[in-house]
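The chain contents come next:
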Amino acid sequence: MAVLEFINRAIALIFLICYAYQLLYIPLVWLKKPPAHRASRTNRYAVLICARNEEAVIRDLLASIDGQTYPAERITTFVMADNCTDDTAAAAQAAGAVVYQRNNPLQVGKGYALQSLLEQIHRDYPAGFDGYFIFDADNLLAPDYIEQMNRTFSDGHPIVTSYRNSKNYGDNWITAGYALWFLRESRYLNQARHLLHTSCAVSGTGFLFSRQILEEMGGWPFHLLTEDIQFSVHHILQGHIIAFCPDAVLYDEQPTTFRQSWRQRTRWSKGYLQVFRQYGLRLLRGILPGSFSCFDMSMSIMPAFILSAWSLLNHLAQALLLIYHGDSPLPVVWSLAGMLGGMYLTLFAIGLITTLTEWRQIHTTTAKKLLYTLTFPLFLFTYIPISLSAFFCKAEWKPIEHRVNAASLHHRRQAELLPF
């Protein structure tokens, strides 16, 4: 038991060293005011949407783009119907988007679809655009989304990400787990980073980059399973600062079943491993000269899982050793219970702070807000077996079925006061 206790304390100390700075982010967001904006320019934007069998929801995204307060003549929306077997292309074209189609069963995934879409735009629109937005087909935009993003972009930031909210927070503990994590990531990671003038990270969808960034990339070279993290790490290593616009609100749909969630998060976990394998050494080298962004991103993609898995495996090994020697494993069980209890309380506190401060942004009933704060740590606990399985199973990009469209949102608007 002495060895077990020593290892537990060592792991706790490493956790503290790795993540204590994120606790300091919380009061920073409360106390520090964002800088004033410069005068805005009326930039010309391309909106990029890659969609695979998204006929049920893509009209709503395109309608929310058409309904923006930003001048419509300065926005051109492009849709890549990627390996579709439904009427996504026809639905997007009927809604006024410029539509391309791609059928390539060998190169599957959003990264390849974006690469093909940008190649088509470069060919057909050689003058290019000032900036390029990337959305997923299930997204919805607040009416002033592009106007707010344009303000931050006009401040001179070449890459800008936005506040990520959810359409279906109140469906169940799985959708709420995702949604609360993204709210926390927006407010207490990206906003704090922006206030400190260090780099934020892109999270899946809802971001903007400049023509200069596109030219530097030479298209879209990011094809790992988590192309958003790969994009972020690549640009941080290039010395770019990814900015955050807290007033630009995007809503997306979260998986509703544990099977879908397991499959999606296994892909994410595998993607984190791919990113760490490809960029890990360069990130560590970037830390040595004093790059806080490299340190921050390194902490985001790996240590929490490694430390958690190490602790669990250590408890398991100690329990088996006690059983082998004919002793009771109960002390190890109590130790494990204490460790998990401490983790639960820490994650619960993070979820509670986020729920209370983002209360008006969480569009569901009060009872569900409180209930899903309690289940939030349990949702994150499921990452441990998911991440372990990612080491051994093959993960590949598969689309998540989206069904929360305008018709199904009608009842939610009435019952839960959704703002769109």
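Our structure is the block above this text.
The rules we used
- Residues numbered from 1 in each chain as written.
- Predicted model: local features only at pLDDT ≥ 70, side-chain atom pairs only at ≥ 80, totals over all residues.
- Heavy atoms only, no water.
- Helix = DSSP H or I, 4+ residues; strand = E, 2+ residues; numbered from the N terminus.
- Rg over C-alpha atoms; globule rule 2.2 N^0.38 Å.
- Buried < 20%, exposed > 50% of the residue type's maximum accessible area, 1.4 Å probe, protein only.
- Contact = heavy atoms within 4.5 Å.
- Areas by Shrake-Rupley, 256 points an atom, 1.4 Å probe, with all protein chains shown as cover.
- Lys, Arg positive; Asp, Glu negative; His and termini not counted.
- Charge placed at Lys NZ, Arg CZ, Asp CG, Glu CD.
- Axes fitted to C-alpha atoms, helices over the stretch in contact; angles between N-to-C directions.
- Parallel < 35°, antiparallel > 145°, perpendicular 65-115°, else oblique.
- Nonpolar A, V, L, I, M, F, W, Y, C, P; charged D, E, K, R; others polar.
- Pairing = 2+ DSSP bridges.
- Core = buried A, V, L, I, M, F, W, Y, C linked by side-chain atoms within 4.5 Å.
- Expected span 1.5 Å × (residues − 1).
- Left-handed = near helix turned anticlockwise from the far one by under 90°.
- Salt bridge = Lys/Arg side-chain N within 4 Å of Asp/Glu carboxyl O.

### Some words on the overall build of the protein chain
Then comes step 1: Scanning the protein chain from terminus to terminus reveals 15 helices and eight strands.
Then comes step 2: The C-alpha atoms of the protein chain give a radius of gyration of 22 Å, which matches the 22 Å a tight globule of 420 residues would have.
Then comes step 3: Each principal axis of the C-alpha distribution contributes one length, and for the protein chain these read about 75 × 50 × 50 Å.
Then comes step 4: In the protein chain, buried positions account for 54% of the 420 residues.
Then comes step 5: In the protein chain, the proportion of contacts linking residues at least 24 apart, taken out of those at least 6 apart, comes to 81%.
Then comes step 6: As displayed, the protein chain offers around 19,100 Å² of accessible surface, 61% of which is attributable to carbon and sulfur atoms.
Then comes step 7: Computed over 35 positive and 32 negative side-chain charges, the separation of the two mean positions in the protein chain equals 4 Å.

### What about the packing of helix H13 (residues 366–381) against helix H14 (residues 383–392)?
Then comes step 1: Packing of H13 against H14 brings their axes to within 5 Å, and their N-to-C directions diverge by 15 degrees. Considering the angle they form, H13 stands roughly parallel to H14. Contacts between H13 and H14 involve Phe-379, Leu-380 and Phe-381 from the first element and Tyr-383, Ile-384 and Pro-385 from the second.
Then comes step 2: Of the residues in the contact of H13 with H14, the class split is six nonpolar, no polar and no charged.

### Remarks on the sheet that holds strand E5 (residues 140–141)
Then comes step 1: On the basis of which strands lie adjacent, the open sheet formed by eight strands has the order E3-E2-E1-E4-E7-E6-E8-E5 and mixed pairing. In this open sheet, the two edge strands, each paired with only one partner strand, are strand E3 (98–102) and E5.
Then comes step 2: Bridge analysis of strand E1 (residues 45–51) against strand E4 (residues 131–136) gives six bridges, and the strand direction is parallel. Of the residues in E4, the one forming a bridge with Cys-50 is Asp-136.
Then comes step 3: Where helix H4 (residues 110–124) meets the sheet, it contacts E1, strand E2 (75–82), E3 and E4, and its direction lies at approximately 140 degrees from that of E1.

### Concerning the nonpolar core
Then comes step 1: The biggest cluster of nonpolar side chains holds 49 residues, and the ones touching the most others in it are Leu-48, Phe-209, Trp-220 and Phe-231.
Then comes step 2: Considering every element that reaches this core, the biggest residue donor is helix H6 (residues 173–195), with seven residues.
Then comes step 3: Excluding anything up to four places from it in sequence, Phe-209 contacts Asp-130, Gly-131, Tyr-132, Ile-134, Phe-153, Pro-158, Ile-159, Leu-214, Met-217, Trp-220 and Phe-231.
Then comes step 4: Grouped together as the second largest cluster of nonpolar side chains are 29 residues, Ala-51, Phe-133, Phe-153 and Val-160 included.

### What about unusual backbone geometry?
Then comes step 1: If you check the backbone angles, Asn-53 has positive phi at about 55 degrees while not being a glycine.
Then comes step 2: Its place among the elements puts Asn-53 in the loop between E1 and helix H2 (58–66).
Then comes step 3: For Asn-53, a relative accessible area of 32% puts it in the partly exposed group.
Then comes step 4: Its identity as a non-glycine residue notwithstanding, His-197 has a phi of 60 degrees, on the positive side.
Then comes step 5: With a relative accessible area of 60%, His-197 lands in the exposed category.

### Comments concerning H4
Then comes step 1: Taking 1.5 Å as the rise per residue, H4 with 15 residues should run 21 Å; its terminal C-alpha atoms sit 21 Å apart, in good agreement.
Then comes step 2: Within the sequence span of H4, burial applies to Lys-110, Gly-111, Ala-113, Leu-114, Ser-116, Leu-117, Leu-118, Gln-120 and Ile-121.
Then comes step 3: Structurally, H4 contributes buried residues whose contacts are with E1, E2, E3, E4, helix H7 (211–217) and helix H8 (227–237).

### Overview of the packing of H8 against helix H10 (residues 292–301)
The description of two helices packed together rests on the angle between their axes and the distance between the axes.
Then comes step 1: At a closest axis distance of 10 Å, the pairing of H8 and H10 adopts a crossing angle of 160 degrees. Considered as vectors, H8 and H10 are oriented roughly antiparallel to each other. By crossing handedness, the relation of H8 to H10 is classed as left-handed. Note on element contacts: H10 touches H8 through Ser-293, Cys-294, Met-297 and Ile-301, opposite Ile-229, Ser-232, Val-233, Ile-236 and Leu-237.
Then comes step 2: Of the residues contributing to the contact of H8 with H10, the split by class is seven nonpolar, two polar and no charged.

### A closer look at the pattern of salt bridges
Any two side chains of opposite charge can pair, so long as their charged atoms come close to each other.
Then comes step 1: Applying the stated criterion across every chain, the model contains nine salt bridges.
Then comes step 2: For Arg-211, the salt bridge is made with Asp-130, and the minimal N-O distance between the two is 3.6 Å. You can see Arg-211 sitting in helix H7 and its partner Asp-130 sitting in the loop between H4 and E4, a full 81 residues away along the chain.
Then comes step 3: Among the residues examined, Asp-130 registers a relative accessible area of 26% and is labelled partly exposed.
Then comes step 4: Residue Arg-164 is joined to Asp-252 by a salt bridge in which the shortest nitrogen-to-oxygen separation is 2.6 Å. With Arg-164 in strand E6 (residues 159–166) and Asp-252 in strand E8 (residues 242–252), this residue pair connects regions lying 88 residues apart in the sequence. Comparing Arg-164 with Asp-252, the two get one shared label, buried.
Then comes step 5: Connected via shared salt-bridge partners are Lys-110, Asp-136 and Glu-227.

### Section: the pairing of E2
Then comes step 1: Of all eight residues that make up E2, eight are buried, and the element is covered over most of its length.
Then comes step 2: Residues of E2 alternate between two faces, with Ile-75, Thr-77, Val-79 and Ala-81 on one and Thr-76, Phe-78, Met-80 and Asp-82 on the opposite face, all of them buried.
Then comes step 3: By the bridge criterion, seven bridges tie E1 to E2 in an arrangement that is parallel. In the sheet register, Tyr-45 faces E2, and the bridge partner there is Ile-75.

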